[in-house]
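Here are the chains, one letter per residue:
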Amino acid sequence: MTIRNTLAIVGATAVLACAFAGQAAARDQIRIVGSSTVFPFTTAVAEAFGKAGAFKTPVVESTGTGGGLKLFCAGVGEDQPDITNASRRIKASEFETCGKNGVTAITEIKIGFDGLVVANSKASPVQPFTKAQLWKALAAEVVVDGKVVVNPYKTWNEIDPSLPAKKIELIGPPPTSGTRDSFNELILEKGCEAAGALDAMVAAGIDKKDAAAKCMKIREDGAYVEAGENDNLIVQKLVSNPDAFGAFGYSFLEENLDKIQGSPIDGTSPEYDDISAGKYAVARSMFVYVKNQHVGLVPGLKEFVAEYTSSKAMGEGGYLQGKGLVVLPKDELEQVRAHALAFAPLSGADLK
């Protein structure tokens, strides 16, 4: 790199810092967007952080994982969020968008684990499912007698006589949600494979990539009902409709065990110990992403990260475990905390 290029970069960085520093005086509160599933955990940290009294309580908005990353990656400055929550890892394409918009230093913080739950009202019996059964119930197209057809199933027992003779209705998250991404990948894609449908599609002459996309396309005839970025709303709908099922993160099940119950999937119930031990087949990691270029410019951002990654928050027996977070093993938590406090930037190579 030439001296001229080096000076240009230093100069541009100084201009950005000065411009943002002037704006930061107008914003003395951390702004956080993102996942509805991670929202309760980050809100708990924000409240604890605010009660400490040194800084204002951060503003936390539930925008969905995809929506949060879109906002987070829009740029650097006073009008841009500092942190985004995500119930899945940032995609390489999202990381590239961040870079194109000047968000060139991002710290990834893995906060713990969550189970993806299918649940129903306690007014109805507990209903076990397999991933294959759920795929057949919710896919836009299924394989019947070796042919790919528009999903013909209207009731659960049409899929399997062991299932209830009730209309198929599952209330779940919209496409902008990381929970929807997880549902697609962990239930629909795996269920399609388990049902032998992926192989059947390929055998029928469908390109494997196109077949995989078909596996994850959800039907739009009312069997799957989008509930927006509010998992509590799904819980409310299950209480009011005992025949329906809902899909959301484990923490919402744990908070509402007096009203709803989780369905065993492939023989394993959504319970804390099984999620933590990796025995529950529909589990995922959850993340928080920090915009490093705002550190030192937005008051309290460094201190907020320290609070979030502390043992009293994310550790065994911490207040986030009390909120339903399946915590990281002690050794991994120590590594995550050290990485976060160093604000080690994520690289594109990490996502490959």
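Look above for the structure.
The structure reproduced in this document is the subject of the present report. (Residues numbered from 1 in each chain as written. Predicted model: local features only at pLDDT ≥ 70, side-chain atom pairs only at ≥ 80, totals over all residues. Heavy atoms only, no water.)

1. What to know about the state of the cysteines
- Per the stated rule, a full pass over the model turns up two disulfides.
- Between the sulfur atoms of cysteine 73 and its disulfide partner cysteine 98 the distance amounts to 1.9 Å. Across the disulfide from cysteine 73 to cysteine 98, rotation about the S-S bond amounts to roughly -70°, and the bridge is consequently left-handed. Here cysteine 98 lies in helix α4 (residues 92-100) and cysteine 73 lies in the loop between α3 (65-72) and β3 (83-86), a separation of 25 residues in the sequence. Each of the two residues, cysteine 73 as well as cysteine 98, counts as buried.
- Paired by a disulfide, cysteine 192 and cysteine 215 hold their sulfur atoms 2.0 Å apart. One end of the pair, cysteine 192, is in helix α6 (residues 178-194); the other, cysteine 215, is in helix α8 (residues 208-215), with 23 residues separating them in the sequence.
- Each bonded cysteine in the protein chain gets a number by its place in the sequence, and the pairs come out as 1-2, 3-4. (Disulfide = S-S within 2.5 Å. Helix = DSSP H or I, 4+ residues; strand = E, 2+ residues; numbered from the N terminus. Buried < 20%, exposed > 50% of the residue type's maximum accessible area, 1.4 Å probe, protein only.)

2. Comments concerning the side chain of asparagine 184
- In this fold, asparagine 184 is placed in helix α6.
- A residue is classified by how much of its surface remains accessible, and asparagine 184, at 13% relative accessible area, is buried.
- Each residue touching asparagine 184, except ones within four places of it in the same chain, is listed here: Glu189, Met216 and Ile218. (Contact = heavy atoms within 4.5 Å.)

3. Focus on the packing of aromatic side chains
- Scanning all chains against the criterion turns up eight aromatic pairs.
- With 4.9 Å between their ring centres and 45° between their planes, phenylalanine 129 and tryptophan 156 make a pair best called tilted. In this pair, phenylalanine 129 sits in the loop between β4 (106-121) and α5 (131-138) while tryptophan 156 sits in the loop between β6 (147-150) and β7 (170-172), placing the two residues 27 residues apart along the sequence. Here phenylalanine 129 matches tryptophan 156 in class, with each residue buried.
- Each ring, one from phenylalanine 183 and one from tyrosine 224, has its centre 6.3 Å from the other, and the planes form 50°; the classification is tilted. In this pair, phenylalanine 183 is assigned in helix α6 and tyrosine 224 in strand β8 (residues 224-226), connecting sequence segments 41 residues apart.
- Of the residues examined, phenylalanine 183 reaches a relative accessible area of 1% and is grouped as buried.
- The exposure class of tyrosine 224 is buried, given its relative accessible area of 7%.
- One aromatic cluster is present, formed by Phe49, Phe55, Phe304 and Tyr308 through successive ring pairs. (Phe/Tyr/Trp six-rings, centres within 6.5 Å; stacked < 30°, edge-to-face > 60°.)

4. Description of unusual backbone geometry
- With a phi angle near 55°, aspartate 266 is a residue other than glycine that sits in the positive phi range.
- With respect to the element layout, aspartate 266 can be found in the loop between β10 (260-262) and α11 (272-276).
- By relative accessible area, aspartate 266 is classed as partly exposed at 38%.
- In this structure, phenylalanine 343 is a non-glycine residue whose phi angle is positive, near 50°.
- With respect to the helices, strands and loops of the structure, phenylalanine 343 is situated in the segment after α14 (330-341).
- On the basis of relative accessible area, phenylalanine 343 is assigned to the buried category, the value being 12%.

5. Considering helix α12 (residues 301-308)
- Looking only at α12, the buried set comprises Leu301, Phe304, Val305, Glu307 and Tyr308. Along the axis of α12, the buried residues cluster in a sector spanning 160°; they form a single face. (Arc of directions from axis to C-beta.)

6. So, the layout of surface pockets
- Volume-wise, the largest pocket comes out at about 200 Å³.
- Around the largest pocket, the lining residues are Ser87, Arg88, Arg89, Lys91, Asp181, Ser182, Glu185, Leu186, Arg284 and Ser285.
- Counting residues per element, the ones that place at least two in the lining of the largest pocket are α6 and β11 (283-291).
- In the lining of the largest pocket, the residues fall into one nonpolar, three polar and six charged.
- Split by domain, the lining of the largest pocket shows at least three residues from each of two domains, domain 1 (31-113 + 285-350) and domain 2 (115-283). (1 Å grid on protein atoms, 1.4 Å probe; cavity = no way out; pocket = protein on both sides within 12 Å on 5 of 7 lines; lining within 4 Å. Points joined across faces, edges and corners; volume = space filled by probe spheres on them. Nonpolar A, V, L, I, M, F, W, Y, C, P; charged D, E, K, R; others polar. Domains from an automatic or database assignment.)

7. Focus: the packing of α5 against α6
- One way to put it is that α5 packs onto α6 with a least axis distance of 7 Å and a crossing angle of 100°. Comparing the axis directions of α5 and α6 gives the class roughly perpendicular. Mapping the contact onto sequence places Lys131, Ala132, Leu134, Trp135 and Leu138 in α5 and Phe183, Leu186, Ile187, Leu188, Lys190, Gly191, Cys192 and Ala194 in α6.
- Broken down by class, the residue content of the contact of α5 with α6 amounts to ten nonpolar, one polar and two charged. (Axes fitted to C-alpha atoms, helices over the stretch in contact; angles between N-to-C directions. Parallel < 35°, antiparallel > 145°, perpendicular 65-115°, else oblique.)

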